[in-house]
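The residues making up each chain are set out below.
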Amino acid sequence: MKNGLTLGLSALALCAAGVAYAGSRTAAQIEREAREDAVKATKAIAKRDGAAAVQYAEYAVSLQPQDAGYRSLLGQAYLAAGRFASAKAAFTDSLTLSPGDPRVALNLSLAQIADGDWSGARATLDRHSGTIPVADRGLAMALAGDPAGAVDLLLPIARQPGANAKLRQNLALSLALAGRWQDARLVASMDLSPADLDKRIEQWAAFARPTGRADQVASLLGVSPASDPGQPVALALNAAVPVAPVAVASAPVETAPPAPAPVIVAAQAPASVVAVAATPRIVFGPRAEVVQALPGRVVATPGKLAKPVAAPVKNNVVKTEAVATPTPGAVKVSVRPVVGKGNFFVQLGAYDSVGVARDDWSRASRRYSAFAGQTPQGMNFTAGGKSFYRLSVGGFDEAGAKRLCAGYRAHGGKCFVRTGAGEKSADWSKK
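Residues numbered from 1 in each chain as written. Predicted model: local features only at pLDDT ≥ 70, side-chain atom pairs only at ≥ 80, totals over all residues. Heavy atoms only, no water.

Novice: Got a sec to walk through the overall build of the protein? Specific residues and values, please.
Specialist: Across its full length, the protein carries 15 helices and nine strands. The buried share of the protein, taken over its 431 residues, is 47%. By sequence separation, contacts in the protein at least 24 residues apart represent 66% of the contacts at least 6 residues apart. With the model as given, the accessible surface of the protein reaches about 20,200 Å², and the carbon-plus-sulfur share is 56%. (Helix = DSSP H or I, 4+ residues; strand = E, 2+ residues; numbered from the N terminus. Buried < 20%, exposed > 50% of the residue type's maximum accessible area, 1.4 Å probe, protein only. Contact = heavy atoms within 4.5 Å. Areas by Shrake-Rupley, 256 points an atom, 1.4 Å probe, with all protein chains shown as cover.)

Novice: How would you summarise the sheet that holds strand β5 (residues 341–351) if you had to cite specific residues and measurements?
Specialist: The strands making up a sheet associate through hydrogen bonds between their backbones, and the pairing can be parallel or antiparallel. Across the sheet, five strands lie side by side as β8-β5-β7-β6-β9; this open sheet has antiparallel pairing. Each having just a single partner strand, β8 (416–419) and β9 (424–425) make up the two edges of the open sheet. Note that strand β6 (residues 377–383) and β9 share two bridges and pair antiparallel. Following the sheet pairing, G378 is matched in β9 by K424. Lying over the sheet, helix α15 (residues 398–410) contacts β5, β7 (386–396) and β8, oriented at roughly 35° with respect to β5. (Pairing = 2+ DSSP bridges. Axes fitted to C-alpha atoms, helices over the stretch in contact; angles between N-to-C directions.)

Novice: Kindly report on the state of the cysteines, identifying the contributing residues and their values.
Specialist: Counting across every chain of the model gives one disulfide. The partner cysteine of C405 in its disulfide is C415, sulfur to sulfur 2.1 Å. Note on the C405 and C415 pair: the S-S dihedral is about 115°, so by sign convention the disulfide is right-handed. Taken together, the positions of C405 in helix α15 and C415 in the loop between α15 and β8 put the pair 10 residues apart, joining distant regions of the chain. As far as the burial class goes, C405 and C415 line up, both buried. (Disulfide = S-S within 2.5 Å.)

Novice: I'd like to hear about the packing of aromatic side chains, residue by residue, with values.
Specialist: By convention here, two paired aromatic rings are described through the distance between centres and the angle between planes. This structure, assessed with the given rule, holds four aromatic pairs. Ring geometry for F371 and Y408: centres 5.0 Å apart, planes at 55°, overall tilted. Of the two residues, F371 is situated in the loop between α14 (354–367) and β6 and Y408 in helix α15; the sequence distance between them amounts to 37 residues. Across this residue pair, the class does not change: F371 and Y408 are buried. (Phe/Tyr/Trp six-rings, centres within 6.5 Å; stacked < 30°, edge-to-face > 60°.)

Novice: Hey, could you go over the packing of helix α10 (residues 165–177) against helix α11 (residues 181–188) for me, with residue numbers and the actual values?
Specialist: Where α10 contacts α11, the axes come no closer than 7 Å and their chain directions differ by 165°. What the angle tells us is that α10 and α11 run roughly antiparallel. Here the hand of the crossing between α10 and α11 comes out left-handed. Taking contact as the criterion, the partners of R168, Q169, L171, A172, L175 and A176 in α10 are, on α11, W181, D183, A184, V187 and A188. Here the contact of α10 with α11 is composed, by residue class, of eight nonpolar, one polar and two charged. (Parallel < 35°, antiparallel > 145°, perpendicular 65-115°, else oblique. Left-handed = near helix turned anticlockwise from the far one by under 90°. Nonpolar A, V, L, I, M, F, W, Y, C, P; charged D, E, K, R; others polar.)

Novice: Lay out the environment of A172 with the relevant residues and their values.
Specialist: Following the sequence through the fold, A172 ends up in helix α10. The contact partners of A172, leaving out residues within four places of it in the chain, are A184, V187, A188 and W204.

Novice: Account for the confidence of the model for the protein, naming residues and giving values.
Specialist: Per-residue pLDDT for the protein has a mean of 75; in total, 70% of the residues score no lower than 70. Across residues 1–22 the pLDDT falls below 50, and counting only partners more than four positions away or on other chains, this stretch makes 24 contacts in the model. Low pLDDT (under 50) marks residues 239–334, which in the prediction has 202 contacts with non-local residues, meaning those over four places away or in another chain. (pLDDT = per-residue confidence, 0-100.)

Novice: For the nonpolar core, give the residues involved together with the corresponding values.
Specialist: In this structure, F84 and W204 are the most contacted members of the largest nonpolar core, which totals 74 residues. Core analysis: the second largest hydrophobic core is formed by 20 residues, L348, W361, F396 and A401 among them. (Core = buried A, V, L, I, M, F, W, Y, C linked by side-chain atoms within 4.5 Å.)

Novice: Could you give me a rundown of the environment of G378, with the residues and numbers involved?
Specialist: Among the secondary structure elements, G378 is positioned in strand β6. You can call G378 buried: its relative accessible area is 8%. Between the alpha carbons of G378 and A426 there is a distance of 5.2 Å; along the sequence they are 48 residues apart. If sequence neighbours within four positions are ignored, G378 has contacts with Y389, R390, E423, K424 and A426.

Structure follows, in structure tokens:
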């Protein structure tokens, strides 16, 4: 936290210095200085020096704040530094200045996903569905919590003549994220040798079970999430004074142009990768535990389950019981609140579609073992003219529902308790 705060204050000081310095220069000199800083930022991104890239990109933006290209470059620098909230702000500003840029829109969706804003990411992808390449949009949809929708988008195109390996591998990863491992293996095998296929499935199994909200995007980009104090206030875009953006690439300099937007790629062996600037392809992060039994040699080996043990109850102490959570090679025991029967439900959220709700239930039940054995409940409703799918778990007494929700929140989840509203068992829980 100390390092992140120091970096944020340093960046703010740099911006203030850049603005003051700009005031003493002519317009031509300011433009040249901004161009030079943009080139330095681009080179720093290529060298995977996120801190330096941010420093130079912030200088460029402070000198030419209405340039959409410089703000896009700043977003890429923040991504390289693992600062996803700041990247989201920079890409949003860039799109405000230059609406319709598909590369910036794709980058914005990645930053939103890494920042935990899945609904915002899906909205961004929808708004730019006509310009973002289908292969990239499909995988981004899967990362934004809608792998079923991604499969529906990519599968028909993958069957057409001319479909390339990148699209097939993005489809395969989307199938994996949707829990369709046999189908994922079959599609991935079209472009990989048997040995590479086993490695790829193994990597995807680890990828499908992130421990943090930024893990998947960070893994694709080959960066580590960092403490993010936010974009300096001095760089905030003044949207009330629109100025036509100046494209960085068109500037007359004999140096490398700013880095292009990252492009999601899941096609090249030995693993899914993302191209950032002119850097070499990046593989997934180190192996983590396997999600589930997979075809071939990639098989999870859960530890033995501990027997449930009732915790003692004294006076007003919350009544709980131990629950074993299967983990490869180890046994982790968590606590399950005891609940009675009633008409109270723990609502986990309202989602754009059943597919998104199903994926979030999968993540929630992995995050909080007390949901094990519970049947997800769902129902459709309309608000503001738009349809949503409400996901909950319930049929509990009020005190038990509150304990269950409190436990989920303690594990990083979001929920609230309410009375029943006509929920029915989710369709996927019956299959």
